[in-house]
Amino acid sequence: MEAVRRVAPFGVAAAFAGSGVLHLLAPRPYVAIVPRVLPQRLLLVRVSGALELVCAAGLLGGRRWAGPASAALLVAVFPANVQMALDSGS
């Protein structure tokens, strides 16, 4: 279990880094799943992508704030996951 605790932040950081880069370089699929009631959806996608990169860096650097910040970011973007599920008919 200790090995998982040591390695897990790197896996999460890799996922955040990859997703953050995609949010910034190819935002269209992400904009499509932002709930339509929210304003400035492209800006929200860019901000969330930048925050993912910040969280990835924090996780890689072993910063104490990075875990809670990553969890908060996942909670903040959860409505987009709900919107995607609703749009797909699931």
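From a predicted model like this one, the values you see are computed outputs, not experimental measurements.

Visitor: Which residues make up the overall build of the protein chain, and what values do they have?
Guide: Scanning the protein chain for helices and strands turns up four helices and zero strands. Overall, the protein chain is about 40 × 25 × 20 Å in size when its C-alpha atoms are taken along their principal axes. Every one of the 90 residues in the protein chain was classed for burial, and the buried ones make up 26%. For the protein chain, contacts bridging at least 24 residues in sequence account for 56% of all contacts bridging at least 6. Element-wise, carbon and sulfur atoms account for 71% of the exposed surface of the protein chain, whose accessible area totals about 6100 Å².

Visitor: Mind laying out the nonpolar core, listing which residues take part and the relevant values?
Guide: When a protein is soluble and globular, its nonpolar side chains tend to lie buried together. Ranked by size, the top nonpolar core spans seven residues in total: A13, F16, C55, A56, L59, A66 and L73. Sorting the residues of this core by element identifies α1 (2-25), α3 (41-60) and α4 (66-88) as the ones contributing at least two each. Among the elements that take part in this core, α3 stands out by supplying three residues, more than any other. Not counting residues up to four positions away in its chain, the partners in contact with L73 are F16, S48, L51, E52 and C55.

Visitor: Before we move on, can you summarise the pattern of salt bridges with the specific residues and values?
Guide: The final tally for this structure, using the stated rule, is one salt bridge. Note that D87 and R36 form a salt bridge whose closest N and O atoms lie 2.8 Å from each other. Here D87, found in helix α4, pairs with R36, found in the loop between α2 (28-33) and α3; they are 51 residues apart in sequence, far enough to count as distant.

Visitor: I'd like to hear about the packing of α1 against α3, residue by residue, with values.
Guide: Two elements in contact, α1 and α3, have axes whose closest approach is 8 Å; the angle formed by their N-to-C orientations is 155 degrees. Here α1 lies roughly antiparallel to α3, going by the angle between them. Note that α1 runs across α3; the crossing there is left-handed. When α1 is examined against α3, the residues P9, F10, V12, A13, F16, A17, S19, G20, V21, H23 and L24 are found in contact with a partner set consisting of V45, R46, S48, G49, A50, E52, L53, C55, A56, L59 and L60. Residues of the contact of α1 with α3, tallied by class, amount to 15 nonpolar, five polar and two charged.

Parameters at a glance
Residues numbered from 1 in each chain as written. Predicted model: local features only at pLDDT ≥ 70, side-chain atom pairs only at ≥ 80, totals over all residues. Heavy atoms only, no water. Helix = DSSP H or I, 4+ residues; strand = E, 2+ residues; numbered from the N terminus. Buried < 20%, exposed > 50% of the residue type's maximum accessible area, 1.4 Å probe, protein only. Contact = heavy atoms within 4.5 Å. Areas by Shrake-Rupley, 256 points an atom, 1.4 Å probe, with all protein chains shown as cover. Core = buried A, V, L, I, M, F, W, Y, C linked by side-chain atoms within 4.5 Å. Salt bridge = Lys/Arg side-chain N within 4 Å of Asp/Glu carboxyl O. Axes fitted to C-alpha atoms, helices over the stretch in contact; angles between N-to-C directions. Parallel < 35°, antiparallel > 145°, perpendicular 65-115°, else oblique. Left-handed = near helix turned anticlockwise from the far one by under 90°. Nonpolar A, V, L, I, M, F, W, Y, C, P; charged D, E, K, R; others polar.

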